[in-house]
Amino acid sequence: DIQMTQSPSTLSASVGDRVTITCRASQSISRWLAWYQQKPGKAPKLLIYKASTLESGVPSRFSGNRSGTEFTLTISSLQPDDFATYYCQQYNDYTWTFGQGTKVEIK
Amino acid sequence: EVQLLESGGGLVQPGGSLRLSCAASGFTFSSFAMTWVRQAPGKGLDWVSAISGSGASSYFADSVKGRFTISRDNSRNTLYLQMNSLRAEDTAIYHCAKVKDASYYFYGMDVWGRGTTVTVSS
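Everything numeric here is computed off the predicted structure, so don't read it as measured data. (Residues numbered from 1 in each chain as written. Chains lettered and ligands numbered in written order. Predicted model: local features only at pLDDT ≥ 70, side-chain atom pairs only at ≥ 80, totals over all residues. Heavy atoms only, no water.)

### What to know about the overall build of chain B
Next, step 1: Across its full length, chain B holds 0 helices and 11 strands.
Next, step 2: A compact globule built from 122 residues would reach a C-alpha radius of gyration of about 14 Å, and chain B, at 14 Å, matches this within 12%.
Next, step 3: For chain B, the C-alpha atoms occupy an extent of roughly 40 × 25 × 25 Å along the three principal directions.
Next, step 4: For chain B, the proportion of contacts with a sequence separation of at least 24, taken over those separated by at least 6, is 54%.
Next, step 5: Element-wise, carbon and sulfur atoms account for 45% of the exposed surface of chain B, whose accessible area totals about 5,400 Å².
Next, step 6: One way to put it: in chain B the 11 positive side-chain charges average out to a point 3 Å from where the 9 negative ones average out. (Helix = DSSP H or I, 4+ residues; strand = E, 2+ residues; numbered from the N terminus. Rg over C-alpha atoms; globule rule 2.2 N^0.38 Å. Contact = heavy atoms within 4.5 Å. Areas by Shrake-Rupley, 256 points an atom, 1.4 Å probe, with all protein chains shown as cover. Lys, Arg positive; Asp, Glu negative; His and termini not counted. Charge placed at Lys NZ, Arg CZ, Asp CG, Glu CD.)

### Regarding the interface of chain B and chain A
Next, step 1: Taken together, the contact between chain B and chain A spans 21 residues of the former and 20 residues of the latter.
Next, step 2: Across the interface of chain B and chain A, roughly 1,900 Å² is buried in total on both sides, 66% from carbon and sulfur atoms.
Next, step 3: When residues of chain B are sorted by the area they lose upon contact with chain A, L45, W47 and F106 of chain B head the list and together hold 30% of the total.
Next, step 4: With a shortest N-O distance of 2.9 Å, K100 of chain B and E55 of chain A are connected by a salt bridge.
Next, step 5: At the boundary of chain B and chain A, one finds 5 residue pairs in polar contact (both at pLDDT 80 or more).
Next, step 6: Where the side of chain B that touches chain A is concerned, the elements lending two or more residues are strand 4 (34-39), strand 5 (45-51) and strand 10 (109-112) of chain B. (Buried area = accessible area lost by both parts, 1.4 Å probe. Salt bridge = Lys/Arg side-chain N within 4 Å of Asp/Glu carboxyl O. Polar contact = N/O pair within 3.5 Å; in protein donor to acceptor, adjacent residues only side chain to side chain.)

### Focus: the nonpolar core
Next, step 1: Among the nonpolar cores identified, the biggest contains 27 residues, and W36, F68, L79, L81, M83 and Y94 of chain B are the most heavily contacted of them.
Next, step 2: Residue assignment for this core shows that the elements contributing at least two residues are strand 3 (18-25), strand 4, strand 5, strand 7 (68-73), strand 8 (78-83), strand 9 (92-99) and strand 11 (116-120) of chain B.
Next, step 3: The biggest single contributor to this core is strand 3 of chain B, with 4 residues.
Next, step 4: Once you skip the residues sitting within four places of it in the chain, L81 of chain B turns out to touch L18, R19, L20, W36, V48, S49, F68, T69, I70 and Y94 of chain B.
Next, step 5: Counting residues in hydrophobic clusters, the runner-up holds 25 residues, among them L11, L33, I48 and A51 of chain A. (Core = buried A, V, L, I, M, F, W, Y, C linked by side-chain atoms within 4.5 Å. Buried < 20%, exposed > 50% of the residue type's maximum accessible area, 1.4 Å probe, protein only.)

### Brief notes about the sheet that holds strand 1 (residues 3-7) of chain B
All names here are of chain B.
Next, step 1: Read across the sheet, 4 strands follow the order 1-3-8-7 without closing on themselves; strand pairing throughout is antiparallel. The sheet is open, and its two edges are formed by strand 1 and strand 7, each paired on a single side. Put simply, the sheet's adjacent strands are angled 15 degrees from each other on average, direction ignored.
Next, step 2: Relative to strand 8, strand 7 runs antiparallel, the two being bridged by 6 bridges. Paired with T69 across the strands is Q82, a residue of strand 8. (Pairing = 2+ DSSP bridges. Axes fitted to C-alpha atoms, helices over the stretch in contact; angles between N-to-C directions.)

### With respect to the pattern of salt bridges
All names here are of chain B.
Next, step 1: Going through the model one piece at a time under the given rule, you end up with 11 salt bridges over all chains.
Next, step 2: Notably, a salt bridge pairs K65 with D62, separated by 3.0 Å at the nearest N-O pair. The residues K65 and D62 share a single accessibility class, namely exposed.
Next, step 3: Salt bridges sharing common partners tie together R38, D46, R67 and D90.

### What to know about the packing of aromatic side chains
All names here are of chain B.
Next, step 1: Throughout the structure, instances matching the rule amount to 20 aromatic pairs over all chains.
Next, step 2: Pairing F27 with F32 gives two aromatic rings, centres 5.9 Å apart and planes at 75 degrees, and the pair type is edge-to-face. Accessibility assignment for this pair places F27 and F32 in one class, buried.
Next, step 3: Against the face of F27 rests K98, its NZ or CZ located 5.7 Å from the ring centre.
Next, step 4: The positively charged end of K98 is found above the aromatic ring belonging to F32, 4.0 Å away from the centroid. (Phe/Tyr/Trp six-rings, centres within 6.5 Å; stacked < 30°, edge-to-face > 60°. Lys NZ or Arg CZ within 6 Å of the ring centre and 35° of its normal.)

### Topic: the environment of A13 of chain A
All names here are of chain A.
Next, step 1: For A13, the location among the structural elements is in strand 2 (residues 10-13).
Next, step 2: As a C-alpha pair, A13 and F83 span 70 residues in sequence and 9.0 Å in three-dimensional space.
Next, step 3: Apart from the residues within four sequence positions on either side, A13 is in contact with V19, L78, F83, E105, I106 and K107.

Okay, structure coming up:
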């Protein structure tokens with residue numbers, strides 16, 4: 001099974017900061033990685049799919065990148081609405097696996 | 001409006017059974033694969049099961065294989081998860097989610113329900 005290692009588990013940042021979250025796959029998953037945002041008590045929200053394609057309606061300060069089996073989610077200028085938990089998710093051979101999550105907290 | 005609404009959660013004893021439902025609206029239900037994803041209290045997201053748009057193919061995480069079954073009624077726009085031999089570690093909020101693309105599974109899940117809570121305890 002493919003494992004996803006997400007880091008950091010917690011990130012403290014201020015409004016306006018540039019933040020980056022990393023997810024590493026245990027083997028090649030091509031571009032089949034998505035990123036989600038989840039706020040307490042709410043359902044996850046799709047932000048990015050196919051490693052770097054922004055979901056409709058998602059602000060352009062969010063971006064995704066891929067380098068081999070390493071994937072990153074970057075928020076270029078953190079906004080108050082962005083404090084949440086973020087998850088990566090891979091798809092391979094009819095199986096989906098989530099990363100452990102990164103909680104973005106107010107510094 | 002595209003919407004998913006789960007129901008059927010509750011308190012069940014270890015070894016018991018429960019059937020979850022997910023009512024879909026606002027999109028052509030039969031065209032899209034659907035999934036169940038759970039979240040244990042204070043923990044991360046955990047994919048459970050998926051089913052093709054026609055219902056002909058289904059897939060399960062190893063942790064639930066042989067205990068859970070997934071089905072759908074496209075005439076009623078409803079997804080189901082039958083959970084048998086429940087264990088304490090199955091305690092979680094269960095979300096249904098729609099696969100984004102009608103043809104490919106690898107574009108992520110773009111519509112989620114708010115979830116229904118399952119508690120397995122004696």
